[in-house]
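Structural overview for review
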2 protein chains.
Amino acid sequence: MTRSIVAALLLASATPALSQTVPPQVADLRDQALKDDYAWDIVEGLTTEVGQRMAGTEAEARAREWAVRKLTAMGFANVRIEPFDMPVWTRGHEAAEILGPYPQRLVITALGNSASTPPEGITGEVVGFNSEAEFEAAADSAVRGKIVFVSHAMPRTQDGSSYGYFGGPRRQGPTVASRKGALAIVVRSIGTDYHRNPHAGVQRFEDGVKPIPAGALSIPDAEQLQRILKRGKPVTMRLTLVSQVTQGKSGNVIAEVPGRDPKAPVILVGGHLDSWDLGTGAIDDASGVAITTAAAKRIMDAGRPLRTIRIVWFGAEEVGLFGGINYQKKHGTEPHYAIAESDFGADKIWKVDSKLGKAREAEAKALQLALSPLGIVPGSLEKADGSDIEPLLNAGLPGVALSQDGTHYFDIHHTPDDTLDKVDPESLRQNVAAWTTMLATLTGGIESEPKRHKRR
Amino acid sequence: MTRSIVAALLLASATPALSQTVPPQVADLRDQALKDDYAWDIVEGLTTEVGQRMAGTEAEARAREWAVRKLTAMGFANVRIEPFDMPVWTRGHEAAEILGPYPQRLVITALGNSASTPPEGITGEVVGFNSEAEFEAAADSAVRGKIVFVSHAMPRTQDGSSYGYFGGPRRQGPTVASRKGALAIVVRSIGTDYHRNPHAGVQRFEDGVKPIPAGALSIPDAEQLQRILKRGKPVTMRLTLVSQVTQGKSGNVIAEVPGRDPKAPVILVGGHLDSWDLGTGAIDDASGVAITTAAAKRIMDAGRPLRTIRIVWFGAEEVGLFGGINYQKKHGTEPHYAIAESDFGADKIWKVDSKLGKAREAEAKALQLALSPLGIVPGSLEKADGSDIEPLLNAGLPGVALSQDGTHYFDIHHTPDDTLDKVDPESLRQNVAAWTTMLATLTGGIESEPKRHKRR
């Protein structure tokens, strides 16, 4: 069944009521947003004029300055940076080399918070496992003093749910390896492509666990190592993963579309400003900040919403949700009418979930109805997600999740290949239309008035 | 029109005569070859157990040893290495960094025979051109002392013909840049993909021209640099392309299926053993040596051909056809019944050209007919090609060209992405079937006899 058939069946059966109609103002804003250029302008500008913006580095600081200039120029109010301190992990020279039996170099990158090897690297015998479960079941004696290699191919999923289970080797693998006495760990990249571009990503050694070097091989290199191991001869690897940790600064960049009722709870939308250091963070997550900001701008262009729309470009998401945690610390007790984050690429939105509460079910269904012409399936009324906003959602704030199609997301995710050319302008516009629809639906009506802010 | 329709129209009109029939021995060998495993075994083995095998290096020497072991184990006769000396260019540390106005790193690799920068790199202002023609028309004063950037997007073509014209910036660009007094040159990779993997490739400074550093940016990085230049501010780049030149050895590996008539001219088939250093040379050209060797092996398994089949795994093709030139020097005056090389990847063969001479037109048409069930279009009777065999073809030897579909070849060509996972086993088998058909057609009949060589 195609998505539209599924959507039609759902619409025809339970949610939402067909007797409802979409308010003309919402429908107009939605349809106009399909011609949006604001989002492309932000993605193109941020990725070209800043490029990579690793959390806590001077590049992320330049990105914050860029963001303040851009948001101010677009006419948003209350543009500000909320700074915070954080530990900053950065990579140095990286290499993996099979010394024997078949000498050759493999393409690798360190996982976040990997221990550093000496500049000349470390050398050890490789012991391979075909899944995280197989590795965890192994005797310590099989692993001690060796370089552990865990490989488990991740399948494609539209909703990205494979990332959880198949991400195990990256997330808990290093901690388990250290506990078992391994010298180091290398994993098959958590991804779905076949390019020589390894997938970076964060991992965190559990408390009390000694950090060891931890890296991800590109998928072709992981399969090469599997073939080499399969030949049954002892395999020796030299692994060089130099990195350093310093103290640094990050910050959330915040801007607002002031509502007519300054006392009404705000609607928070956003994405994260930082990126991994290998690509330019076009899909992760320049697109997310661009889509949500473009939608807010389109509401602002149309007039004054009842409720304030707050845009947050979170800092330091990739390396541990520092921005989200900082926002919660500063604003977690303020009332929020709804919170939503875009952080799953730039492919089309295919599903809307929400958790606005029983009392607001009619509003949630109105949102589903308004989104359905964009090919968006009505999903759950009892869940929402988003990395930076997770602490707020866990604390019970109402949320909306506009889910992007993730079928191809993990081809690119956290790799050098996360560059502007991977963003499809038409899909980006569909995203802007969906977020504009969401804001227009939840903001309590927009009153047009003589424009105070110049359009670009 | 699909390929098979085109083939049908051609068959129905002019070539070849429909009244002909394919000899049962040829048809049987062709159809059995569609289940071939010999070629995969060679591609998998060579790319896994040797990996990259840059011309003139110890890796290429290991590849020759591997080849001798493999060809001997497969039961071929007269397995030998014909060595030769050559200059060996190898790369060291490589980096490109925009220092201003938008600091960021770009992904680059040096072109073959690039001059070396100092280890700390060189720094210069970038001047950009949108095509080789635009660059060549520029005044020397616009270029002198600067880093030239030439970008011209190469389109996809089935026959690979775009590689000639759009490869200009790589081939003559460095020489032109040096003559104009440029500090260095960087080009958009000659390729058709969108990955952060630059395309290496050879260039040669013309006699009397001073070598300068010359590199290729990955295509996403080339487009990034174009966007940066378009903003109109002076762009400064630090370019590090360390390389060295030494004297080294290479060699052609030769093996034979002895014919019943040792005096009859041989049929030469082969590919090249060396690869660029960034990938494992799976499609360029482990596949070529594998396909042609598998086809010869299948003939040998069936019995004794009238004419000797000579397999050549040429050395040092990528960096200047050293193996082909050496073969011509040693064997160019020997009679050859036909020569053919596979060096365009592992996608399906879509067309057969040949140049066997007017007197052998019936044989050429019989070949077209025998190949047509594989979906292969009858092409010209007056041309053939192949890089290593070009000197022989130019000298007038009869040749056959089984042309692979090149639509996706330049996504991978000369990049780190040239790895085993890019080879489709079914397409590889179609190639083996075509080459087996060609050998069976031209070899003058195979007499089955008690097997002297064990099958694997």
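Scroll up for the structure.
First things first, this report covers the structure right here in the doc. Just so we're clear, the structure is a prediction, and the values are computed from it rather than from any experiment.

**So, the packing of aromatic side chains**
In this description, a pair of aromatic rings is defined by centroid distance and the angle of the planes. Across all of its chains, the model carries 14 aromatic pairs over all chains by this definition. Pairing Tyr-409 of chain A with Phe-410 of chain A gives two aromatic rings, centres 5.0 Å apart and planes at 80 degrees, and the pair type is edge-to-face. Of the two residues examined, Tyr-409 of chain A and Phe-410 of chain A, each falls in the buried class. Through a chain of ring-to-ring contacts, the aromatic side chains of Tyr-163, Phe-344, Tyr-409 and Phe-410 of chain A assemble into a single cluster. Between Arg-171 of chain A and the ring centre of Tyr-163 of chain A, over which it is positioned, the NZ or CZ distance is 4.5 Å. The lysine or arginine in question, Lys-180 of chain B, covers the ring of Phe-135 of chain B, its NZ or CZ lying 5.9 Å from the ring centre.

**Section: the relation of the copies chain A and chain B**
At an RMSD of 0.0 Å, chain A and chain B line up after a rotation of 180 degrees and a shift of 0.0 Å along the axis. The transformation just described matches what one would write down for a two-fold rotation axis. Both copies share a contact surface, since 100% of the interface residues of chain A are interface residues in chain B too.

**A few points about the side chain of Arg-298 of chain B**
Residues and elements named next belong to chain B. Tracing the backbone through its elements, the reader meets Arg-298 in helix α10 (residues 282-302). Judged by its relative accessible area of 12%, Arg-298 falls in the buried class. A polar contact of 3.2 Å, which involves the side chain of Arg-298, links it to the backbone oxygen of Gln-32. Not counting residues within four places of it along the chain, the set of residues in contact with Arg-298 comprises Leu-29, Gln-32, Ala-33, Asp-36, Tyr-38, Val-432 and Thr-436.

**Looking at the interface of chain A and chain B**
In this assembly, 29 residues from chain A lie in contact with 29 residues from chain B. For the pair chain A and chain B, the summed buried area comes to about 2,300 Å², and 44% of that belongs to carbon and sulfur atoms. Taken together, chain A and chain B are joined by four salt bridges. Measuring nitrogen to oxygen at the nearest pair gives 2.6 Å for the salt bridge that ties Glu-44 of chain A to Arg-231 of chain B. Counting across the interface, chain A meets chain B through 21 residue pairs in polar contact (both at pLDDT 80 or more). For the side of chain A that touches chain B, the leading source of residues is helix α3 (residues 38-49) of chain A, giving five residues. The residue inventory of the side of chain A that touches chain B, partitioned by class, reads nine nonpolar, eleven polar and nine charged.

**A few points about the pairing of strand β13 (residues 349-355) of chain B**
Residues and elements named next belong to chain B. Among the seven residues of β13, six are classified as buried, and the element is accordingly described as predominantly covered. Summarising the sheet, β13 and strand β15 (residues 399-404) pair through six bridges and their orientation is antiparallel. Its bridge partner lying in β15, Lys-355 is registered against Gly-399. Two elements, β13 and strand β14 (residues 377-378), share two bridges in a ladder whose sense is parallel. Across the sheet, Lys-351 pairs through a bridge with Val-377, a residue of β14. Each parallel crossover has a hand, and the one from β13 via helix α12 (residues 361-371) to β14 is right-handed.

**With respect to helix α4 (residues 58-73) of chain A**
All names here are of chain A. Taking 1.5 Å of rise per residue, the 16 residues of α4 would be expected to cover 22 Å, and the 23 Å separating its terminal C-alpha atoms lies within 8% of that figure. Listed as buried for α4 are Ala-59, Glu-60, Arg-62, Ala-63, Arg-64, Trp-66, Ala-67, Lys-70 and Leu-71. For α4, the secondary structure elements touched by its buried residues are α3, β1 (77-100), β8 (236-257), α10 (282-302) and β11 (309-314). Positioned one or two residues after α4, Gly-75 has a phi angle of 95 degrees, which is positive.

**A look at the side chain of Thr-441 of chain A**
Residues and elements named next belong to chain A. Mapped onto the fold, Thr-441 is located in helix α14 (residues 425-442). Since its relative accessible area comes to 19%, Thr-441 is described here as buried. Polar contacts involving the side chain of Thr-441 include one to the main-chain carbonyl oxygen of Thr-437, which spans 2.7 Å. Excluding anything up to four places from it in sequence, Thr-441 contacts Val-26, Glu-363, Ala-366, Leu-367 and Ala-370.

**Considering unusual backbone geometry**
Following Gly-100 of chain A, the chain continues into Pro-101 of chain A via a peptide bond in cis, with omega recorded as 10 degrees. For Pro-101 of chain A, the position within the fold is in the loop between β1 and β2 (104-106). In this structure, the amide linkage connecting Asp-284 of chain B to the following residue, Asp-285 of chain B, adopts the cis form with an omega of 15 degrees. Mapped onto the fold, Asp-285 of chain B is located in helix α10. One non-glycine residue with positive phi stands out, namely Asn-78 of chain A, at about 55 degrees. In this fold, Asn-78 of chain A is placed in strand β1.

About the thresholds
Residues numbered from 1 in each chain as written. Chains lettered and ligands numbered in written order. Predicted model: local features only at pLDDT ≥ 70, side-chain atom pairs only at ≥ 80, totals over all residues. Heavy atoms only, no water. Phe/Tyr/Trp six-rings, centres within 6.5 Å; stacked < 30°, edge-to-face > 60°. Buried < 20%, exposed > 50% of the residue type's maximum accessible area, 1.4 Å probe, protein only. Lys NZ or Arg CZ within 6 Å of the ring centre and 35° of its normal. Least-squares fit on C-alpha atoms with pLDDT ≥ 70 in both. Contact = heavy atoms within 4.5 Å. Helix = DSSP H or I, 4+ residues; strand = E, 2+ residues; numbered from the N terminus. Polar contact = N/O pair within 3.5 Å; in protein donor to acceptor, adjacent residues only side chain to side chain. Buried area = accessible area lost by both parts, 1.4 Å probe. Salt bridge = Lys/Arg side-chain N within 4 Å of Asp/Glu carboxyl O. Nonpolar A, V, L, I, M, F, W, Y, C, P; charged D, E, K, R; others polar. Pairing = 2+ DSSP bridges. Right-handed = clockwise from strand over helix to strand, strands pointing away. Expected span 1.5 Å × (residues − 1).

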